[in-house]
Each structure stands twice: as structure tokens, then as C-alpha cells.
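Examination of the molecular architecture
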Amino acid sequence: LGPVSTGLGDIFRYTLRDTTGRLSPIDLRTVQDWIVRRQLLGVPGLAEVNSLGGYVKQYHVLVDPERLNAYDLTLREVFEATARASGTSGGAYIEAGPEQYSVRSVGLVREIADLSNTVVRTTAAGTPVFLGDVADVEIGSAIRFGSASAGGEGEVVAGWTMQLAGANARVTVNAVKDRVAEIQAALPEGVVIEPYYDRTMLVGRTITTVAKNLGEGALLVIVVLLLLLAHLRAGLILASVIPLSMLFAVILMVLTGQSGNLMSLGAIDFGLVVDGSLIIVENVLRLLGKHQREGIPITNDEGMRNLVFSGAAEMVKAAKFGVFIIIIVYLPIMALQGIEGKLFRPMALTVSFALLGSLLLSVTYVPVMCSLFLK
């Protein structure tokens, strides 16, 4: 039985504030535990909702030994009577088609009088001895193991949500925020839920960083290709290989269930992606230059297709060899296990998918484009 969440499952945090100043820390914690937390637990993708700060409300039964002795009662009898006053009783179940609904009776203490009027024992004369006769019942709090404060404005009640392992953080956080908006309308007047950590901010920044890095990398490679080839059409043909290779990689990522993240997408080297196609385009340009220098005319499309075919056929083996060598380098990374595998295996697979797509494009798409657009 593995954990239902992970160390990275903390996706949304918030504080509960009373803007009116009428609610005590016990009241705020009660709102968090019995209203906010319970409604958030129904959000798909959440594993749990934790609370911090305030005081957990309790009913304290402070037994008076002298009164206990006067009624000839024991602590065990008082304990058992208190336990009977608030509890849950199980029942049978009701069948509804293929489902079963469990039946239970929940008895909750709602005020001090409920406990004070609990019968501990009935005397021989038939007179009941109540819990209030032998003990003082009052509102108290559980021993707490931490507190929460925010903005230097004193104590608050905080809550944070943990998502299920493998759930999509962006989808889950959006669902949590929608539910928070619904809960806010049902809270007591003046109680406000204020988020202070939202995983979608991190996801958004990561996506922005990935898009920025990929865009800048592709632009840099395209500029260098145009400068070195000194041929606009050839450079544009090579530039078009980059998005098509990425599309091929993304399709395989979706089919194999690989995650697209900063590590996997940010590791793609567009220089490697266009490497195989560059070899073929350069060789085609070399043959075109040779024909031009030797005065050999290319009179029709058939002649151009034959020249491109010859240029591509000469370099296909070299292009394939170069790409396969790079993919082989990533094979050990694909064998990693545990945390290392979780981090680096998607990167190796994504790069391999992009290289495989570029190889297929270099022997199919690129020669066709050269035969159509190079003159």
C-alpha cells in the first residue's frame, strides 16, 4: 500500500481570517475543520486537507473527587457515561441496484448542557445522577502542536491541500479554487478565505520558461542556419523541421504517457534536431553549385528531383548514423529507476522522440521540399 500523496503534493494553501474580530481562535478553527475542510475533501484529485492554527474545540469534563465520592461513583462510570453521550452507532445497509448505502446514527454533543444532563447512574430510589452533579463541564481546547500567523497581524487559521499522487496539479488547483468560491458564500459573515500559495503560479511560470527557452533556441538556430547556408529557401526548409520534429515528439509523448515539463522539454537541442536534415540540404546545395559551375542545365522538374534524390541518397547513411549515435548516448538514462528515473527518463525519451522525428523528416519531408523550392 503506497502513499496516496507525495512530498510534492502540497498544491494550495490558504488562511482563514475573521475581519469582524468577533470570532475566537476556537471558533475559526471550528469553521475550518467542520465547514471548509469537509467541503474541500470532495474535490476530485485531493488526498487530504490539513489544518493549522487556532484551537481545536473540546468539551472538558472536570471531575470533582469529593462529589464523586459523595455519590459513590467511580471515574470509570463517569468515563463510560461521557462516551455514551456522543458517539456513532452502526446499522445495516440498504441495497439500491448494484450499490449499498450504509446506515449509521451519529450523536454529537452540541452544547455544555448536553453533557451536563447525561445520566451517570440511577440510584436505588430511582433518582438519576447527572454528569453535572459530579463534574464541571466547560469548553476547552486540545493540546496543540503549532500555531499560524500571517502578515504580522496576529494568529490565523491556515489550511493546505494535498493532491493525489499522479493527479494533474493545474486541474486539481482550479477545481479547489472553484470550490473555495462556493464555500466562501456559505461562511459566517466576516470570515474570509485568503489563498497565499497556488501551484498554478509555479506551473504557469514553468510553462512560460519552457516556451521562452524553446522559442529563443529555435530562433537562434534558424538565424545561424541562414547565416551559414547563405541561402534563404534552404534555411527556411531546415527551420520548418524544428516545429514538425517537436510535433512528432509531443504526439509520442502523449501516446506513451510522458510528462511535458521543464526538464524534458527544456533539454531539446534544436541544433541536434536539424543535424540530419542539414547534411542532406547542404549536399543538395553542393550538387546544385556543381551543376552551375560546370554549366549543366536542369531543364525540368524531373531533372531537379533526380538531383535531389542523388544528393539525399549519398548522405542518408551518414544522417542516420549521426542521429542513432546521439540516441544511443541517452539509452543509459532511460534505464534509471526511482527519483532519478522520474526526473531524467522523460527528458531522454523526449529528446529521442524529437531526434527520431527529425530523422524521418530528413529522408522524407526535406528532400521533397528541396525538389519543390530549391532552384
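The structure contained in this document is the topic of the report that follows. (Residues numbered from 1 in each chain as written. Predicted model: local features only at pLDDT ≥ 70, side-chain atom pairs only at ≥ 80, totals over all residues. Heavy atoms only, no water.)

One pass over the structure, following the stated rule, counts eleven salt bridges. Ionic pairing is found between D33 and R29, a salt bridge with its closest N-O pair at 3.0 Å. Note that D33 and R29 are positioned in helix α1 (residues 25–40) at a spacing of four residues, about one turn of the helix. Judged by its relative accessible area of 18%, D33 is buried. (Salt bridge = Lys/Arg side-chain N within 4 Å of Asp/Glu carboxyl O. Helix = DSSP H or I, 4+ residues; strand = E, 2+ residues; numbered from the N terminus. Buried < 20%, exposed > 50% of the residue type's maximum accessible area, 1.4 Å probe, protein only.)

Considered as a void within the structure, the largest pocket measures approximately 1,400 Å³ in volume. For the largest pocket, the lining is made up of 34 residues, of which L8, R199, S259, N261 and K342 are closest to its centre. Breaking the lining of the largest pocket down by element, the ones donating at least two residues are α6 (169–186), α7 (199–229), α9 (262–266) and α13 (338–363). The element contributing the most residues to the lining of the largest pocket is α13, with seven residues. Along the lines of polarity and charge, the residues of the lining of the largest pocket split into 15 nonpolar, 15 polar and four charged. (1 Å grid on protein atoms, 1.4 Å probe; cavity = no way out; pocket = protein on both sides within 12 Å on 5 of 7 lines; lining within 4 Å. Points joined across faces, edges and corners; volume = space filled by probe spheres on them. Nonpolar A, V, L, I, M, F, W, Y, C, P; charged D, E, K, R; others polar.)

Attention shifts here to the packing of α7 against helix α8 (residues 232–256). Look at α7 against α8: their axes get within 8 Å of each other, and the N-to-C directions meet at 155°. Between α7 and α8, the interaxial angle falls into the category roughly antiparallel. You can see that α7 and α8 cross each other, and the crossing is right-handed. Across the interface between the two elements, L214, A218, V221, I222, L225, L226 and L229 of α7 pack against L232, A234, G235, L236, L238, A239, I242 and M246 of α8. (Axes fitted to C-alpha atoms, helices over the stretch in contact; angles between N-to-C directions. Parallel < 35°, antiparallel > 145°, perpendicular 65-115°, else oblique. Left-handed = near helix turned anticlockwise from the far one by under 90°. Contact = heavy atoms within 4.5 Å.)

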